[in-house]
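Listed below are the residues making up each chain.
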Amino acid sequence: MNRELEQRYRLLHGSDREAARAELERIAASGKEVVIVSACLLGVRCRFDGKDKQDDPAVARVAGEAELLPLCPEVLAGFGVPRPAITLAADGRTATDDRGQDVSAQLDAGAGLAEKFAALAGATRALLKERSPSCGSSQVHGPDGLRDGEGRFTARLRKRGLPVVSEK
Ligand code: SF4
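Remember, predicted model here, so these are calculated numbers, not experimental data.

Participant: I'm lost on the sheet that holds strand β8 (residues 164-166) in this one. Help?
Facilitator: The pairing of strands in a sheet comes from backbone hydrogen bonds and takes either a parallel or an antiparallel form. The sheet built from 4 strands is open, its strands ordered β2-β1-β5-β8 with parallel pairing. At either end of the open sheet lies a strand with only one pairing partner, and these are β2 (67-71) and β8. Sheet twist, expressed as the mean angle between neighbouring strand axes with direction ignored, is 25°. Here strand β1 (residues 34-38) runs beside β2; their pairing, made up of 5 bridges, is parallel. Residue pairing for β2: Ile36 is matched across the bridge by Leu69. Relative to the sheet, helix α5 (residues 104-121) contacts β1 and β2, its axis offset from that of β2 by approximately 165°.

Encoded structure:
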C-alpha cells in the first residue's frame, strides 16, 4: 500500500473524527469514481489475527484507476487488533465472539459507521473480503462453519443499492 493510502486509512480509523470527515470530503471532491476496499485487502494488518490479506491483483482488477476508500468496519467498531474471531448467525444479525460474548450491537455499529463514511465519500461500489462477518458478500463464517450469506457491512451497502463484489 502506498503512503497516501496508508495515511488515508489512519485518518479514517483514528480518534480525530473531524480529520476523518475532512479526508472524506476531499475524496468526494476528487472527481473520480470512489470504490470502497476492505482495508485488509490493501495490506493493512487489521484482521482479527493481526494479519492482512493483501490482494493487489484483485484491487487492480476491480478498482482500476478509481479513488480507493480503505475501510475496516471492525476496527471502526472499536474491536481492536488482534481481537477474538467473530461469527455471524443465520439471521444475519446475531454476532458472537470466540469467548461466547454477544457482540451484535458493536459489530453493527462499526458497519454503520463504515456505511456513513462511504456515503460521505460518495462511494459507488465496493470490493470486500469474502467470508468476514462484516465484509463477506456470498459466504460468512457462522457458528457451525462457513455458510452462504453476507456480512453486516455488505448488507448495509446493498440496502443502499451499492454493488459489492469479493476478491474471489
Ligand atoms: S472487517 Fe473487513 S476490512 Fe476489517 S479485517 Fe475483516 S474483512 Fe478485512
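On we go from here.
Participant: What is the right way to read the environment of Glu23 from this model?
Facilitator: Among the structural elements, Glu23 can be located in helix α2 (residues 17-28). Between the alpha carbons of Glu23 and Asp102 there is a distance of 33 Å; along the sequence they are 79 residues apart. The residues contacting Glu23, other than those within four sequence positions of it, are Arg8, Leu11 and Leu12. Of note is the side chain of Glu23, whose polar atom sits 2.9 Å from the side chain of Arg8.

Participant: Mind showing me how you'd approach the site of the ligand here?
Facilitator: Taken together, 14 residues lie around the ligand, and Cys40, Cys72, Lys129, Ser132 and Cys135 are the ones closest in. When grouped by side-chain class, the residues that make up the shell around the ligand number 7 nonpolar, 3 polar and 4 charged.

Participant: It is not clear to me how the nonpolar core should be interpreted in this structure. Could you clarify?
Facilitator: In a soluble, globular protein the nonpolar side chains are often hidden away together inside. Residues Ile36, Leu69, Leu71, Phe117, Leu128, Phe153 and Leu157 are the most contacted members of the largest nonpolar core, which totals 23 residues. Counting residues per element, the ones that place at least two in this core are α2, β1, β2, α5, β5 (125-128) and α6 (152-159). A per-element tally of this core places α5 first, with 6 residues. With residues up to four places along the chain from it excluded, the contact list for Leu157 reads Ile36, Ala118, Ala126, Leu128, Leu162 and Val164. Counting residues in each nonpolar core, the second largest holds 11 residues, with Leu42, Val59, Ala66 and Leu127 among its members.

About the criteria used
Residues numbered from 1 in each chain as written. Predicted model: local features only at pLDDT ≥ 70, side-chain atom pairs only at ≥ 80, totals over all residues. Heavy atoms only, no water. Pairing = 2+ DSSP bridges. Helix = DSSP H or I, 4+ residues; strand = E, 2+ residues; numbered from the N terminus. Axes fitted to C-alpha atoms, helices over the stretch in contact; angles between N-to-C directions. Contact = heavy atoms within 4.5 Å. Polar contact = N/O pair within 3.5 Å; in protein donor to acceptor, adjacent residues only side chain to side chain. Near = heavy atom within 4 Å. Nonpolar A, V, L, I, M, F, W, Y, C, P; charged D, E, K, R; others polar. Core = buried A, V, L, I, M, F, W, Y, C linked by side-chain atoms within 4.5 Å. Buried < 20%, exposed > 50% of the residue type's maximum accessible area, 1.4 Å probe, protein only.

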